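Structural overview for review
Each chain, written out:
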Amino acid sequence: MRSTDVINFTWRSLAFARVRTALMLLAMSIGVASVIVLSALGEGARMYVVDQFSSLGTNMLIVLPGRTETVGGSPANFLGETPRDLTIDDANALYRSPHIKHVAPVVVGAAPVSHNGLEREAVVFGSSYEAQFVIETNVSRGKYLPKTSNRSATPVCIIGATIKQELFKNKNALGEWLRIGDRRFRVIGILSNQGMSGGMDVDETVVIPVVSAQAVFNSPSLFRILVSASNRDVLDKAKQDILRIIKQRHQNEEDITVISQDAILSTFDRILKTLTLSVAGIAAISLAVAGVLIMNVMLIAVSQRTTEIGLFKALGSPPKQIQMIFLFEAIFLSLLGAILGLILGYVGTYFISGLFEEIQFSTPWWANLSAVIVASLTGIVFGILPAKRAAKLDPVIALYGR
Amino acid sequence: MQITLKAVSRFYQVGEQTVHALDNVDLEINAGDYISIMGPSGSGKSSLLNIVGLLDRPNSGNYFFEDKNVTSLSEKQQAEVRQQKVGFVFQSFHLIPRLTAYQNIELPMLLSGIHPGERKQRVQAALANTDLEDRANHRPEQLSGGQRQRVAIARSTIMQPQILLADEPTGNLDRKSGNDVIELLERLNNNGITLIIVTHDPNLGKRARRKIRMEDGKVFTDSLNSVKT
C-alpha cells in the first residue's frame, strides 16, 4: 500500500466516525495541554526565583551569625543560639581580605514611619554606602547613604517609591523630615520603582545608615553582612578569608555561616526543577489515560469494522497490512491530538501569563518534545493490541459473523 | 486442471458434536467453467467456496490451485493468491459505507499498491462495464441493491482474477436486478473467468453449465459425470 493512500484512507475513516474522532482528540489534547501548561507554570516559578536572586548581584556572599553544624539539621540548629553577634567592627575587618571589594553590614526590621500625621509600617533597611554596590540599587532622585554610614548615626534616609507616594503624595520629598520609630531622618534620596528584589519589596523600604538602624532597633548586632568579592573566580577564596577573619575576632571559634548566592540559587533551582518535573509527570498520567481511551475506542472500532477487516482479507490484504492500517490510525489520532494539545497548551499559558504579569511563563523545550513523544508512543503502545486483534481475525468469521 | 480438491474435509466442533461441513470431497474444476453449487442449508456449499477461495483451510486433504499445492501456504502467501487470482462476490455486498462507488472499486488496487494513474484507468473501465458511470461518486447508501452488487462485482474483478466466487449473489435482490447481476456475471464468464455460484435459487442453478448438488458435506450429484454417489 502506498503511504499517501494509507494517509488518505485513515483520514476518511477518521472523518467518517466524527464523534469518536473528536472525543479521542479531546482526550489526547487535554493530556498534552496539561503537560505544557503545568511545566510552563513550574518553569515560570523557577525563572522568577532565579531572577530575584540575580538582581542581588552575582559576586555576593552572605555572612550569617551562628553556625549550622550539620547539613540539613533541624531548624533549631539553624536559628538557634548565636554565641557572638556580628558587629560593625566585624564587617569593617573583612576589608583586610584582598579578595573582598565591598562590605555592607545590614540591619533589617519593621518600624512605623510617619510624616505630617501620615503613618505606616515600613521595612527599615540599615546599611552602608557600599550596599548600593553589593545589591543592585537605583536611586531615582537625590543620593544614596553617605560614606560615614558605618561609623556614625547620620539622620538621613532614602525611601522607596511606594513610601514616597503614600507619605508625600506628589509633593517634593527630598529634604523633608521623616520620623522612624522615635527618631527623625531627613530624606536625601528616593529609590526608583523596582518592585521585588531578594524577597523584599524595595518600594516599601526605607534605607538608613546602619548605625542609626542599630539605634532605632536598640540592638548592637547585625542581621547579616553582605559581601561582594572582587570577581566570581575568587568567591571561594573570599569565603575562606571571611571565615578566617571572623574566627580570629571571635576567640578562634567559627560561629558564622557564609553562603554564596550560587548555593542558594542552585538549591532553589533544584527544588523548583524537581517540582516542575513532578507536576509535568502528574500531567503525563493524563496522557496515559488518554492512551487507554484510545485503545478502548480502537478496540470498539475493530469490532465495529469486523466485516470490513474480513473484506480486506478476502481482497488479499496480508495480516501485517491490516495491522499497519489500524496502528496507523491510532498513531495518526495521537499525533493530531498532540498537535491540538500543543496549541491548546500555548493558548492556556498565554492566558495565565495575562493573570500574573510579574512572572514570565514559558514552556521549556523538553516539555514540548516529551509531550509529543509520549503522545505518539501512547498511540503506538495502545494501538498495537487492537491492531493485532484486527490482523488475527479469522476471515470467514469476520465476513459471515459465524 | 485449474482447481483440484483431493479428499478435503472440514469439520467444526460445536459443543460436543463434530459437524462435518465437508466430508472427503474430491473435485476438479476446469479453467473458464461456469458452475453452480446447490443444496440445503448446512450442506457445506459455503464451506466449499471458502476453501476454494483460500479464506479457510481444510482439516485434512489437499488443495491444488493451478497444479500447485496451496494447502500449506502461509497466511501471507495465501493472501497473495487471493489478491491476484480470486474474486469474491457476497450476498450482503460488503461495500465500505464511507467510500464512494469509485473508491470501493479502487480498494483492492489501493491495498496492492498499484500506481494511481493505472488505478484510475481501470476503475473507469470497470464503471463502464458495469454501467455505473453516473454513480461513481455515490456512497453505497445512495445506491440501489442491484447497483451495490454491481459495484461489488466491479471490485471483485478489478484485479483481473482467474476465478470468481459468488455466494448467493442475488439473495438480497429483486428478480429484475438479480437478473442484471447474473447477466453481468455470465458475461465475465464468457470472457474467460471461472465462475462458481452458490445459490438456493433453482432457476439460477439451472443456468450453469455444470451443476453440483451438495448434501451433508458431500458432493451428491455432479452434472459433469451424472453419477449418484
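Worth saying up front: this structure is predicted, and the values here are computed from it rather than measured.

What counts, and where the lines are drawn
- Residues numbered from 1 in each chain as written.
- Chains lettered and ligands numbered in written order.
- Predicted model: local features only at pLDDT ≥ 70, side-chain atom pairs only at ≥ 80, totals over all residues.
- Helix = DSSP H or I, 4+ residues; strand = E, 2+ residues; numbered from the N terminus.
- Buried ≥ 20, exposed ≤ 12 C-beta atoms within 10 Å, placed from the backbone.
- Contact = placed C-beta atoms within 7 Å.
- Nonpolar A, V, L, I, M, F, W, Y, C, P; charged D, E, K, R; others polar.
- Pairing = 2+ DSSP bridges.
- Axes fitted to C-alpha atoms, helices over the stretch in contact; angles between N-to-C directions.
- pLDDT = per-residue confidence, 0-100.
- Parallel < 35°, antiparallel > 145°, perpendicular 65-115°, else oblique.
- Left-handed = near helix turned anticlockwise from the far one by under 90°.

We now examine the overall build of chain B. The helix and strand tally for chain B stands at seven helices and 10 strands. Taken over 229 residues, chain B has a buried fraction of 47%.

A word on unusual backbone geometry. Residue and element names in this part refer to chain B. In this structure, A7 takes a positive phi of about 50 degrees despite not being glycine. Along the chain, the position of A7 falls in strand β1 (residues 3–14). Residues other than glycine seldom take positive phi values, yet D67 does so here, at roughly 65 degrees. As for its position among the elements, D67 is in the loop between β4 (60–65) and β5 (68–69). Among the residues examined, D67 registers 9 C-beta atoms within 10 Å and is labelled exposed.

A few words on the interface of chain B and chain A. Residue-level contacts link 20 residues of chain B with 21 residues of chain A. Elements represented by at least two residues in the side of chain B that touches chain A include exactly α2 (75–85) and α3 (101–111) of chain B. Residues that form the side of chain B that touches chain A fall into these classes: nine nonpolar, five polar and six charged.

Next up on the list: the sheet that holds strand β2 (residues 17–29) of chain B. All names here are of chain B. The antiparallel open sheet is built from four strands, whose spatial order is β2-β1-β4-β5. Where the open sheet ends on each side, the last strands, each with one partner, are β2 and β5. Summarising the sheet, β1 and β2 pair through nine bridges and their orientation is antiparallel. The residue bridging L5 from the neighbouring strand is L27, located in β2. Strands β1, β2 and β4 of the sheet are contacted by helix α1 (residues 45–52), whose axis makes an angle of about 60 degrees with β2.

This part covers the pairing of strand β2 (residues 100–115) of chain A. All names here are of chain A. Bridge count for β2 against strand β11 (residues 224–229) is six bridges, and the pairing is antiparallel. Each bridged residue has a counterpart across the sheet, and for H102 the counterpart in β11 is S228. Bridge count for β2 against strand β3 (residues 118–127) is nine bridges, and the pairing is antiparallel. Within the sheet, the bridge partner assigned to A111 lies in β3 and is A122. Linking β2 back to β3 in an antiparallel pair, the connection comprises two residues, with N116 at a positive phi of about 55 degrees. As defined by bridge partners, β2 adjoins strand β6 (residues 177–180) across two bridges and the pair is classed as antiparallel. Paired with S114 across the bridge in β6 is R179.

All right, on to the confidence of the model for chain B then. Mean pLDDT over chain B: 92, with 98% of residues reaching 70 or higher. For this predicted complex, the interface confidence reaches an ipTM of 0.92, while the overall pTM sits at 0.70.

Another point: the packing of helix α9 (residues 261–304) of chain A against helix α12 (residues 365–392) of chain A. Residues and elements named next belong to chain A. Between α9 and α12, the shortest axis-to-axis distance is 9 Å and the interhelical angle comes to 25 degrees. It follows from the interaxial angle that α9 and α12 lie roughly parallel. Crossing of α9 over α12 shows right-handed handedness. Seen from α9, the contacting residues are A280, A284, L287, A288, A290, G291, V292, I294, M295, M298, L299 and V302; seen from α12, they are A367, V374, A375, T378, G379, V381, F382, G383, L385, P386, R389 and A390. Here the contact of α9 with α12 is built from residues that sort into 19 nonpolar, four polar and one charged.

Residues and elements named next belong to chain A. Alternating positions in strand β5 (residues 156–159) separate into two faces, V156 and I158 on one and C157 and I159 on the other, with burial throughout. For β5 and strand β7 (residues 183–191), the ladder comprises four bridges, and the chain directions are parallel. Within β7, the residue paired with I158 across the bridge is G189. Sheet topology places β5 next to strand β10 (residues 205–209); two bridges connect them, and they run antiparallel. What sits directly across from I158, in β10, is V207.

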